[in-house]
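Chain residues, written in single-letter form:
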Amino acid sequence: KLLFATWACHNKFFGLFQIFDAPLRALFGDIITFDPQEILYREGKEEMNLKFLEIINKEKPDYLFLQLIYDEFFIDTLAKIKKISPQTKVINFCGDDDSIFYNYSLMFFPFVDYFLITQPDFLKIYDHYKKKAYFIFGADSNRFKLLKLDKIYDVSFIGTPKSDRAEYIKYLLVNNIKIKLFGSEWNRYPEFKNIYGGRVNDEEFTRIINKSKINLVFSKNYEGEKHVLDRVPEITMCNSFLLVEYCEGYKEIFKENKEIIMFNDQQQLLDKIIYYLKNSKEREQIEKKAYEKTLKKFSLRPLLKNIFEKIEDDKTKPVN
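Quick look at the structure, then. (Residues numbered from 1 in each chain as written. Predicted model: local features only at pLDDT ≥ 70, side-chain atom pairs only at ≥ 80, totals over all residues. Heavy atoms only, no water.)

## Details of a positive patch on the surface
Right, so step 1: Taken together, Lys255, Lys258, Lys289, Lys296 and Lys297 make up a surface patch of like positive charges.
Right, so step 2: One can find Lys289 in helix α11 (residues 280–297). (Patch = residues over 30% accessible without salt bridge, like charges linked within 9 Å, V, L, I, M, F, W, Y side chains within 5 Å. Areas by Shrake-Rupley, 256 points an atom, 1.4 Å probe, with all protein chains shown as cover. Salt bridge = Lys/Arg side-chain N within 4 Å of Asp/Glu carboxyl O. Lys, Arg positive; Asp, Glu negative; His and termini not counted. Charge placed at Lys NZ, Arg CZ, Asp CG, Glu CD. Helix = DSSP H or I, 4+ residues; strand = E, 2+ residues; numbered from the N terminus.)

## Some remarks on the packing of aromatic side chains
Geometry of an aromatic ring pair is reported as the spacing of the ring centres plus the angle between the planes.
Right, so step 1: Counted according to the given criterion, the structure contains 37 aromatic pairs.
Right, so step 2: For the ring pair Phe157 and Trp186, a centre distance of 6.1 Å and an interplane angle of 85° mean the geometry is edge-to-face. One end of the pair, Phe157, is in strand β7 (residues 153–158); the other, Trp186, is in the loop between β8 (179–182) and α8 (202–210), and 29 residues separate them in sequence.
Right, so step 3: For Phe157, a relative accessible area of 2% translates into the label buried.
Right, so step 4: For Trp186, a relative accessible area of 1% gives the class buried.
Right, so step 5: An aromatic cluster of at least three residues, connected via ring pairs, comprises Phe101, Tyr102, Phe109, Phe115, Phe122, Tyr126 and Tyr129.
Right, so step 6: When the ring centre of Phe205 is taken as origin, the NZ or CZ atom of Arg143, which lies over that ring, is 5.1 Å away.
Right, so step 7: The cationic tip of Arg199 hangs over the ring face of Phe13; the distance from NZ or CZ to the ring centre is 4.3 Å. (Phe/Tyr/Trp six-rings, centres within 6.5 Å; stacked < 30°, edge-to-face > 60°. Buried < 20%, exposed > 50% of the residue type's maximum accessible area, 1.4 Å probe, protein only. Lys NZ or Arg CZ within 6 Å of the ring centre and 35° of its normal.)

## Focus on the sheet that holds β7
Right, so step 1: Ordered in space as β8-β7-β9-β10-β11, the 5 strands form an open sheet in which the pairing is parallel. Both outer strands of the open sheet, β8 and β11 (261–263), are each paired with one neighbouring strand and no more. Across the sheet, the mean angle from the axis of one strand to that of its neighbour is 30°, orientation sign disregarded.
Right, so step 2: Sitting on the sheet, helix α7 (residues 165–174) touches β7, β8, β9 (212–217), β10 (242–245) and β11, and the angle it makes with β8 is about 155°. (Pairing = 2+ DSSP bridges. Axes fitted to C-alpha atoms, helices over the stretch in contact; angles between N-to-C directions. Contact = heavy atoms within 4.5 Å.)

## Observations regarding the pairing of β8
Right, so step 1: Pairing analysis gives 4 bridges linking β7 to β8, with the strands arranged parallel. For Ser156, the partnering residue across the bridge sits in β8 and is Lys180.
Right, so step 2: As for the winding sense of the linkage, the β-α-β connection from β7 through α7 to β8 is right-handed. (Right-handed = clockwise from strand over helix to strand, strands pointing away.)

## Structural notes on the sheet that holds strand β3 (residues 63–66)
Right, so step 1: In spatial order, the strands read β2-β1-β3-β4-β5-β6; together these 6 strands make up an open sheet with parallel pairing. If you trace the sheet from one side to the other, it starts and ends with β2 (32–33) and β6 (132–135), each paired once.
Right, so step 2: When strand β1 (residues 2–4) meets β3, the two strands line up parallel, connected through 3 bridges. Pairing of Leu2 across the sheet is with Tyr63, part of β3.

## Side note on the state of the cysteines
Right, so step 1: All chains considered together, the criterion is met by 0 disulfides.
Right, so step 2: Unpaired in terms of disulfides, Cys9 finds its nearest cysteine sulfur in Cys94, a separation of 17 Å. (Disulfide = S-S within 2.5 Å.)

Below is the structure:
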């Protein structure tokens, strides 16, 4: 029995729902869900924390899946989980260790048994602190797949305008690149009105990737630091080409210039877009290699199954 209790886990437009809801349901048959955002906005933080503990007391889940990043739970609440349900194994997903590990994530170590992380460099850091962490980099092949649609977009980007993304888009427009934007908050930029396609649901998300000759991925987080993003395997799982902002972590996963193409600045991005739009055969060879590796190594459902089997077999005494 698993309780999925991440922020906005009922919101079909939100990342954690899109990534984990269907694969976890496939793995466990069914899951219990608790959306902290939903209740906090409606009834307040104290009431939400009380209801969270009530559902743990009622369900006594074998696993509790969290993403501790929004300060939604009081420390006292987290401390009570094992008192209420000692057998529950607490799992925390963290995709931003590069920016929040030392000043945020570390303080939750006393309350978490296992961590799922997306920054490969941090595996050795978790090991240093004697915490079990599993690197998770993958996409759900039931959702992201090759659809063989016409490539109607030269370039597309799906995401939000955080960090310096808007500056990159402006630069491409000035240089006559035909780009289409999707995701939240781009309506704040009137200059992008004619290229903004709005928010998209799961089905359209995959279709846009398949309909794009080049998919962009910007690697910077809100602090402007580059890190590994799960958007990369989502694109490669669709056998679609991507240009991704340089991050050292990707080189541990894909062969640079053979399976993945990266850029460092605006001019380099422009040059590579122009080159790969003109050289479609080379583009298709690269996307095919990345697709084959993603299917073989980075399919999310087998990855999750393997991780939970390891957790199930782990004889380490859980935190108390």
